[in-house]
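One-letter residues, chain by chain:
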Amino acid sequence: MMHDREKSHSAIVAAKPTNKAGSPAAEPAEPRAGTKRNVGEQSTHRTLGRDRVTQALDRVRQAARLRRKEKFTALFHHLNIDLFREAFFALKRDAAPGVDGLTWQTYEADLDLKLTDLHSRVQRGAYRALPSRRAYIPKADGKQQRPLAVAALEDKIVQRATVAVLNCIYEEEFLGFSYGFRPKRSQHQALDALAFGIGRRRINWVLDCDVQSFFDKVSQSWLIRFIEHRIGEIVRRSRPACNRST
């Protein structure tokens, strides 16, 4: 059913095929600047790290599914070097740098040393997010501009790693007909679900609305209060590192 509480209709949410399926991934085979280890060792090291990350996040996901009313208070240790490495390789290679001026290619040199230092700062509470660099891109109407906050590279790594952990919990809470900003879901799937519902069911009206400048006006204090219903440790320990815009 289109409005299933757990899953979307199988006919409208297609499985996303692996990028360049059937060919070896180019990413692990590219030698990194500043390293003397061979490609095979790097690939094996990263594969083992990815397996550890997957297993750990699966345990969080299962706990969230079985204990829906409990608050998580032992999540911080999941922000480890393996997860930071996966977060780094998930970033866009050609993304614009933030106020730190670091590009993906620059940070990749001596990556293990940099991730070890980042992990140490995060775990001992010394990590602080840098102000985001404000940029503007034109909207589709050509009359307005959409503001963007470009985060520093290490902030992107920490943010993506944190989201990976939180997704394991909140993906168990979201309803099947929810598509916005969810992993492996897109606006195209939402339109497919809408077309399916209109074609297969008796629909009397359709509501199309948008909240103007929602992310500029939403209360951060209330967002934190909502998150603290399920999350304890990550919110409490990461609060001093809240991002700002310049």
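All values derive from a computational prediction rather than experimental measurement.

Engineer: Teacher, can you tell me more about the side chain of Arg-46 here?
Structural biologist: With respect to the secondary-structure elements, Arg-46 resides in helix α2 (residues 39–66). Looking at Arg-46, the relative accessible area reads 7%, which means it is buried.

Engineer: Looking at this structure, I do not really get the pattern of salt bridges. What am I missing?
Structural biologist: Opposite charge on two side chains permits them to pair, given that their charged atoms come into close proximity. Evaluated as defined, the whole model comprises twelve salt bridges. Where Glu-86 meets Arg-50, a salt bridge forms, and the shortest distance between an N and an O atom there is 3.4 Å. You can see Glu-86 sitting in helix α3 (residues 81–89) and its partner Arg-50 sitting in helix α2, a full 36 residues away along the chain. On the basis of relative accessible area, Glu-86 is assigned to the buried category, the value being 17%. Arg-50 sits in the partly exposed class, given a relative accessible area of 32%. Where Glu-171 meets Arg-182, a salt bridge forms, and the shortest distance between an N and an O atom there is 2.8 Å. On the criterion of sequence distance, the pair formed by Glu-171 in the loop between α6 (153–170) and α7 (187–200) and Arg-182 in the loop between α6 and α7 is long-range, its members being eleven residues apart. Note on Glu-171: relative accessible area 22%, which makes it partly exposed. Here Arg-182 falls in the buried class, since its relative accessible area comes to 8%. Residues joined by salt bridges that share partners form a network here, namely Arg-52, Asp-82, Arg-85 and Asp-112.

Engineer: Which parts of the structure should I look at to understand a nonpolar patch on the surface?
Structural biologist: Among the surface-exposed residues, Leu-191, Leu-194, Ile-198, Ile-203 and Val-206 lie close enough to one another that they form a single nonpolar patch of about 440 Å² accessible area. Looking at the element boundaries, Ile-198 is found in helix α7. Residue classification places Ile-198 among the partly exposed residues on the basis of a relative accessible area of 41%.

Engineer: Can you walk me through the pairing of strand β2 (residues 145–150) in this structure?
Structural biologist: Two faces, one strand: in a regular strand the side chains alternate between the faces of the sheet. Relative to β2, strand β1 (residues 133–138) runs antiparallel, the two being bridged by six bridges. Within β2, the residue paired with Pro-138 across the bridge is Gln-145. The loop that links β1 with its antiparallel partner β2 comprises six residues; one of these, Gly-142, has a positive phi angle of about 75°.

Engineer: How should α6 be read in this particular structure?
Structural biologist: Residues three or four positions apart in an α-helix share a direction because the helix packs 3.6 residues into each turn. Its 18 residues give α6 an end-to-end C-alpha distance of 25 Å, which sits within 8% of 26 Å, the value for a rise of 1.5 Å per residue. The set of residues buried in α6 consists of Leu-153, Glu-154, Asp-155, Ile-157, Val-158, Ala-161, Thr-162, Val-165, Leu-166, Cys-168, Ile-169 and Tyr-170.

Engineer: When you look at the packing of aromatic side chains in this model, what are you seeing that I'm missing?
Structural biologist: The way to describe two aromatic rings as a pair is by their centre distance and the angle between their planes. Taken as a whole, this structure holds five aromatic pairs when the rule is applied. With a centroid separation of 5.9 Å and an interplanar angle of 40°, the aromatic rings of Trp-222 and Phe-226 are classed as tilted. Taken together, the residues Trp-222 and Phe-226, both in helix α9 (residues 220–227) and four residues apart, mark about one turn of the helix. For Trp-222, a relative accessible area of 44% puts it in the partly exposed group. An aromatic cluster of at least three residues, connected via ring pairs, comprises Phe-88, Phe-89, Trp-104 and Tyr-107.

Engineer: Please explain the packing of helix α5 (residues 111–123) against α6 as it appears in this structure.
Structural biologist: The relative placement of two packed helices is expressed as an angle between their axes plus a distance between the axes. Following both chains from N to C, one finds α5 and α6 inclined at 65°, their axes separated by 12 Å at the closest point. The angle between α5 and α6 places the two elements in the roughly perpendicular class. The chirality of how α5 crosses α6 is right-handed. In contact with Lys-114, Leu-115, Leu-118, Arg-121 and Val-122 of α5, α6 contributes Glu-154, Ile-157 and Val-158.

Engineer: Help me understand the nonpolar core, please; the structure alone is not making it clear to me.
Structural biologist: It is characteristic of soluble globular proteins that their nonpolar side chains tend to be buried jointly. Ranked by size, the top nonpolar core spans 33 residues in total, and within it Phe-84, Phe-88, Tyr-107, Leu-118 and Ile-157 carry the most contacts. Contributions of two or more residues to this core are made by α2, α3, α4 (104–108), α5 and α6. At nine residues, α6 tops the list of elements feeding residues into this core. When neighbours within four sequence positions are excluded, Phe-84 is seen to be in contact with Leu-79, Leu-115, Leu-118, His-119, Val-122, Ile-157, Val-158 and Ala-161.

Engineer: For this particular structure, what's the right way to read α3?
Structural biologist: With respect to burial, α3 is a largely interior element, eight of its nine residues being buried. Those residues of α3 that fall on the buried side of the exposure criterion are Asp-82, Leu-83, Phe-84, Arg-85, Glu-86, Ala-87, Phe-88 and Phe-89. One side-chain oxygen at the N-terminal end of α3 lies 3.2 Å from the backbone nitrogen of Asp-82; it belongs to Asn-80.

Parameters at a glance
Residues numbered from 1 in each chain as written. Predicted model: local features only at pLDDT ≥ 70, side-chain atom pairs only at ≥ 80, totals over all residues. Heavy atoms only, no water. Helix = DSSP H or I, 4+ residues; strand = E, 2+ residues; numbered from the N terminus. Buried < 20%, exposed > 50% of the residue type's maximum accessible area, 1.4 Å probe, protein only. Salt bridge = Lys/Arg side-chain N within 4 Å of Asp/Glu carboxyl O. Patch = residues over 30% accessible without salt bridge, like charges linked within 9 Å, V, L, I, M, F, W, Y side chains within 5 Å. Areas by Shrake-Rupley, 256 points an atom, 1.4 Å probe, with all protein chains shown as cover. Pairing = 2+ DSSP bridges. Expected span 1.5 Å × (residues − 1). Phe/Tyr/Trp six-rings, centres within 6.5 Å; stacked < 30°, edge-to-face > 60°. Axes fitted to C-alpha atoms, helices over the stretch in contact; angles between N-to-C directions. Parallel < 35°, antiparallel > 145°, perpendicular 65-115°, else oblique. Left-handed = near helix turned anticlockwise from the far one by under 90°. Contact = heavy atoms within 4.5 Å. Core = buried A, V, L, I, M, F, W, Y, C linked by side-chain atoms within 4.5 Å. Polar contact = N/O pair within 3.5 Å; in protein donor to acceptor, adjacent residues only side chain to side chain.

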